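Examining the three-dimensional arrangement
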Amino acid sequence: MDADFERPVPALLEELATFSSATIHEANGQRGAVSGALKPLDPAMRVCGSALTVHCPAGDNLMIHAAIAVARPGDVLVVDHQGALDDGPFGDLLAEACFARGIRGLVIDGCVRDATTIRQMNFPVFARGLCIKGTTKNRLGSIGRPISLAGEQVGPGDAILGDEDGVVVVRRADIAGAISAARDREAKEATLRDAIRNGACTLDLLDLRKRLQAAKP
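Residues numbered from 1 in each chain as written. Predicted model: local features only at pLDDT ≥ 70, side-chain atom pairs only at ≥ 80, totals over all residues. Heavy atoms only, no water.

The name that an unreviewed UniProt entry assigns to the protein chain is 4-hydroxy-4-methyl-2-oxoglutarate aldolase, with the source organism given as Aminobacter aganoensis. Here the protein chain is described in UniProt, under the heading Sequence similarities (unreviewed entry), as follows: "Belongs to the LigK/PcmE family." (UniProt positions renumbered as here; feature names shortened; annotations may be inferred.)

This is how it looks when you write it as C-alpha cells:
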C-alpha cells in the first residue's frame, strides 16, 4: 500500500482551487469530467487537492481506513467503490479521522452515511448517494495506484477539483497549463459578458449562424 508518490506543488493547487470545475474542464480541453452521478453532500461544498487513489471493494471499507493512515496533509481521498449503492463505507467517524490527518475531502464512487453530521462538520464529500448499511473490514484493494472513478481514470498525485457543478480530474503534468488556459478563458468570457450586456447576440459572438443553417434535425 503505497502513498509515496509525487504530488502537485501546493501553490498550483491553491491557484487551481480559485476556478470552477466547469471552467477547468473546458480550459483543459474538455477532459477529466467525472460522472455527474457523484454529487456533493451540500451544494456549498468545494474540494481541491492531490488525489490519494484508493480501490475499495464494494461491501468493505478496510482500504479506506488504511488510506487515511498513510495520507498526507492536502490529500483528497479518491475512492473507487465500484459504484456500490447498497453500503455506506464512510461516515462521520472517518470524517473526523480525515480532519486529524489534514485530508481535504472525499470523492467516492459509492455511498456514504451520517450525512447530517458530515455537513455540520463541513467536511467536503462527493458521493453517488447515501446508504445506512455498514460494511465488512476484510478485503484488500489498493492505495496509490491508478483507478477508474465512475469511468474516469485517476492517477495518484493528479489534482481533483469538486464543487456544486461536479468533479474534474487534472493530470499532475497538466495542472499549470490548465490554470493558464483557465485564466485566458475567464478573460475571454468577461469580454463576452460585456458584449451581451450591450446587446450582442451569442449567435454572432460565437460565430454560430453558419452552424445553425447547416444543422440537421
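Don't stop here, the text continues.
Here, UniProt's "binding site: substrate" (unreviewed entry) annotation points to G91, D92, L93, L94 and R113. Spanning 23 residues, the annotated positions come together in the fold, the maximum distance between their C-alpha atoms being 10.5 Å. Lining residues of the second largest pocket drawn from the annotated set just named are G91, D92, L93, L94 and R113. Residue position: L93 is located in helix 4 (residues 92-101). Overall, the relative accessible area of 69% leaves L93 in the exposed class. By secondary structure assignment, the location of R113 is in the loop between strand 5 (111-112) and helix 5 (115-121). (1 Å grid on protein atoms, 1.4 Å probe; cavity = no way out; pocket = protein on both sides within 12 Å on 5 of 7 lines; lining within 4 Å. Helix = DSSP H or I, 4+ residues; strand = E, 2+ residues; numbered from the N terminus. Buried < 20%, exposed > 50% of the residue type's maximum accessible area, 1.4 Å probe, protein only.)

Judged by side-chain polarity, I196, L205 and L206 come together as a nonpolar surface patch covering roughly 230 Å² of accessible area. Locating I196 in the fold gives a position in helix 6 (residues 175-197). For I196, a relative accessible area of 41% gives the class partly exposed. (Patch = residues over 30% accessible without salt bridge, like charges linked within 9 Å, V, L, I, M, F, W, Y side chains within 5 Å. Areas by Shrake-Rupley, 256 points an atom, 1.4 Å probe, with all protein chains shown as cover. Salt bridge = Lys/Arg side-chain N within 4 Å of Asp/Glu carboxyl O.)

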